[in-house]
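# Breakdown of the fold
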Amino acid sequence: MRGSVYLINVLHIISNGIKRDGITNTFIELISNIDDENFRIDIAAVHNDDIDVIREIEEFGCKVIKLPDRQSNILKYCLELFTQLRKGKYQAIHVHGSSSLLFIDLFIAKCAGVKKRIAHSRNTTNHYKKLDKLIRPLFHMTYTKALACGKDAGEFLFGNRKFTVIYNGKDFEKFKYDQERRLLVRSNLM
């Protein structure tokens, strides 16, 4: 059960949407193991969102903020994000993605007065190569902390600038070999 007073309010944005993939699974792993008495962790639904995954996130006590589709109506998305950032009184925004287009969310957060703006590089490539290159200088002016899931992902998005690698932590107990479970699964598949 979440407390009523939080030390830090954080809004997470996963730029490719909330769906069953590596970034969202890592986010769920994080929220399932965090000290929820000190943090209020919300997440923005930006597009291509899976309702089952949203329900799972809400079960952990996170508020899911539904925003207009980022890809089909960027102006409406920007205005609503600004409104939500002001209304939610967030001390931090943590944007996950793989291109300097994270600039959009980070710039809006900066305009909304969010002091800690985290850019988290999650890949070593993206789909917007020309736009990414064009916006890159602006992108570097909007974040206050640079994170990456690995050295290559960090170098891809941040170049020779300082970044911190935070590997995608996994609970390996879930993947431990279990002979009984193996036999059960094999019998169900035959």
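Here the structure is a predicted model, which is why all the values come from computation and not from measurement. Throughout, residues of each chain are indexed from 1 in the direction in which the sequence is written. Restriction of local features to residues with pLDDT of at least 70 applies here, the model being predicted, together with a cutoff of 80 or more for giving and counting side-chain atom pairs; totals for whole chains, interfaces and linings are based on all residues. Derived side-chain values reflect all non-hydrogen atoms in the structure, with water molecules and hydrogen atoms excluded from consideration.

## A short note on the packing of helix 3 (residues 74-88) against helix 4 (residues 103-111)
Fitting a line to C-alpha atoms yields each axis, with helices limited to the stretch in contact; the angle taken between N-to-C directions then spans 0 to 180 degrees. Counting from the N terminus, the helices are DSSP H or I runs at least four residues long and the strands are E runs at least two residues long. Direction vectors running N to C along helix 3 and helix 4 enclose 40 degrees, while the axes themselves pass 9 Å from each other. Judged on the interaxial angle alone, helix 4 and helix 3 are oblique. Of the two elements, helix 3 crosses helix 4, and the hand of that crossing is right-handed. For the pair helix 3 and helix 4, the contacting residues are Ile 74, Tyr 77, Cys 78, Leu 81, Phe 82, Leu 85 and Arg 86 in the first and Ile 104, Asp 105, Ile 108, Ala 109 and Cys 111 in the second. Gly is placed with the polar residues, together with every amino acid not listed as nonpolar (Ala, Val, Leu, Ile, Met, Phe, Trp, Tyr, Cys and Pro) or charged (Asp, Glu, Lys and Arg). Considered class by class, the residues forming the contact of helix 3 with helix 4 number ten nonpolar, no polar and two charged. Note on angle classes: values under 35 degrees are labelled roughly parallel, values over 145 roughly antiparallel, values of 65 to 115 roughly perpendicular, and the remainder oblique. Crossing handedness is defined as follows: a turn of the near helix away from the far one that is anticlockwise and smaller than a right angle gives a left-handed crossing, while the clockwise case is right-handed. Contacts are assigned to residue pairs that have any heavy atoms within 4.5 Å of one another.

## Notes on the sheet that holds strand 3 (residues 63-66)
Note on sheets: strands pair through backbone hydrogen bonds, and any given pair is parallel or antiparallel. Overall, parallel pairing links the seven strands, which are arranged 3-2-1-4-5-6-7 in an open sheet. Edge positions in the sheet fall to strand 3 and strand 7 (164-165), since each has one partner strand and no second. By the bridge criterion, four bridges tie strand 5 (residues 116-121) to strand 6 (residues 145-148) in an arrangement that is parallel. The residue of strand 6 that forms the bridge with Ile 118 is Lys 145. Two strands qualify as a pair provided that DSSP identifies no fewer than 2 bridges between them.

## Describing the packing of helix 1 (residues 22-31) against helix 2 (residues 51-59)
Think of two packed helices as two axes; the pair is described by the angle between the axes and how far apart they sit. Here helix 1 crosses helix 2 at 15 degrees, and the two axes come no closer than 10 Å. For the element pair helix 1 / helix 2, the angle class is roughly parallel. Crossing of helix 1 over helix 2 shows left-handed handedness. For the pair helix 1 and helix 2, contact is made by Thr 24, Phe 27, Ile 28 and Ile 31 and by Val 53, Glu 56 and Ile 57, respectively.

## With respect to the environment of Leu 30
Mapped onto the elements of the fold, Leu 30 is located in helix 1. For the pair formed by Leu 30 and Val 95, sequence separation is 65 residues and the distance between their alpha carbons is 14 Å.

## Some details on the pattern of salt bridges
By salt bridge we mean one thing: a side-chain nitrogen of Lys or Arg within 4 Å of a carboxyl oxygen of Asp or Glu. Overall, the coordinates contain six salt bridges when judged by the stated rule. Among the salt bridges present, the one from Asp 52 reaches Arg 55, with a minimum N-O distance of 3.2 Å. Of this pair, Asp 52 and Arg 55 both sit in helix 2, separated by three residues, roughly a single helical turn. When accessible area is computed with a 1.4 Å probe and restricted to protein chains, residues below 20% of their type maximum are described as buried, those above 50% as exposed, and intermediate ones as partly exposed. Classification of Arg 55 as partly exposed rests on a relative accessible area of 45%. Ionic pairing is found between Asp 132 and Arg 136, a salt bridge with its closest N-O pair at 2.3 Å. With Asp 132 and Arg 136 both in helix 5 (residues 129-139), this residue pair falls four residues apart, about one helical turn.

## What about helix 1?
Extensive coverage of helix 1 is indicated by the burial of seven of its ten residues. Along helix 1, the positions that sit buried rather than exposed are Ile 23, Thr 24, Thr 26, Phe 27, Ile 28, Glu 29 and Ile 31. On its buried side, helix 1 packs onto strand 1 (8-14), strand 2 (39-45), helix 2 and strand 4 (92-97). Nitrogen and oxygen atoms within 3.5 Å of one another constitute a polar contact, given that in protein one can donate a hydrogen and the other can accept it, and given that sequence-neighbouring residues count only through two side-chain atoms. In this structure Asp 21 caps helix 1, since a side-chain oxygen of it lies 3.4 Å from the backbone nitrogen of Ile 23.

## What to know about the pairing of strand 2
Counting buried residues along strand 2, five of its seven residues qualify, which places the element largely inside the surrounding structure. Of the strand pairs in this sheet, strand 1 and strand 2 are connected by six bridges, and their pairing is parallel. Counted as the bridge partner of Ile 8 is Phe 39 from strand 2. As for the winding sense of the linkage, the β-α-β connection from strand 1 through helix 1 to strand 2 is right-handed. Sheet topology places strand 2 next to strand 3; four bridges connect them, and they run parallel. Residue pairing for strand 3: Ile 43 is matched across the bridge by Val 64. Convention used here: a crossover is right-handed provided that the path from the first strand, over the helix, to the second strand proceeds clockwise when the strands point away from the viewer. Read as a crossover between parallel neighbours, the route from strand 2 over helix 2 to strand 3 is right-handed.

## Focus on the packing of aromatic side chains
Any aromatic ring pair is given by two values, namely how distant the centres are and how the planes are angled relative to each other. Ring pairs are drawn from Phe, Tyr and Trp, using the six-membered ring of Trp, whenever the two centres fall within 6.5 Å, and their geometry is named by plane angle: stacked under 30 degrees, edge-to-face over 60, tilted for the rest. What the rule picks out here adds up to five aromatic pairs. For the pair Phe 139 and Phe 158, a centre-to-centre distance of 6.0 Å together with 20 degrees between the ring planes defines the contact as stacked. Residue Phe 139 is located in helix 5, and its partner Phe 158 is located in helix 6 (residues 151-158); the two are separated by 19 residues in the primary sequence. Both residues of the pair, Phe 139 and Phe 158, belong to the buried class. Ring centres 5.3 Å apart and planes at 70 degrees place the aromatic pair Tyr 143 and Phe 158 in the edge-to-face group. Residue Tyr 143 is located in the loop between helix 5 and strand 6, and its partner Phe 158 is located in helix 6; the two are separated by 15 residues in the primary sequence. Using a relative accessible area of 1% as the deciding quantity, one classes Phe 158 as buried. Put simply, the rings of Phe 139, Tyr 143, Phe 158 and Phe 163 pair up and form one aromatic cluster. A ring is considered to have a charge above it if a Lys NZ or an Arg CZ atom is located within 6 Å of its centre and within 35 degrees of its normal. Seen from the ring of Phe 156, Arg 136 lies directly overhead, with NZ or CZ sitting 5.7 Å from the centre.

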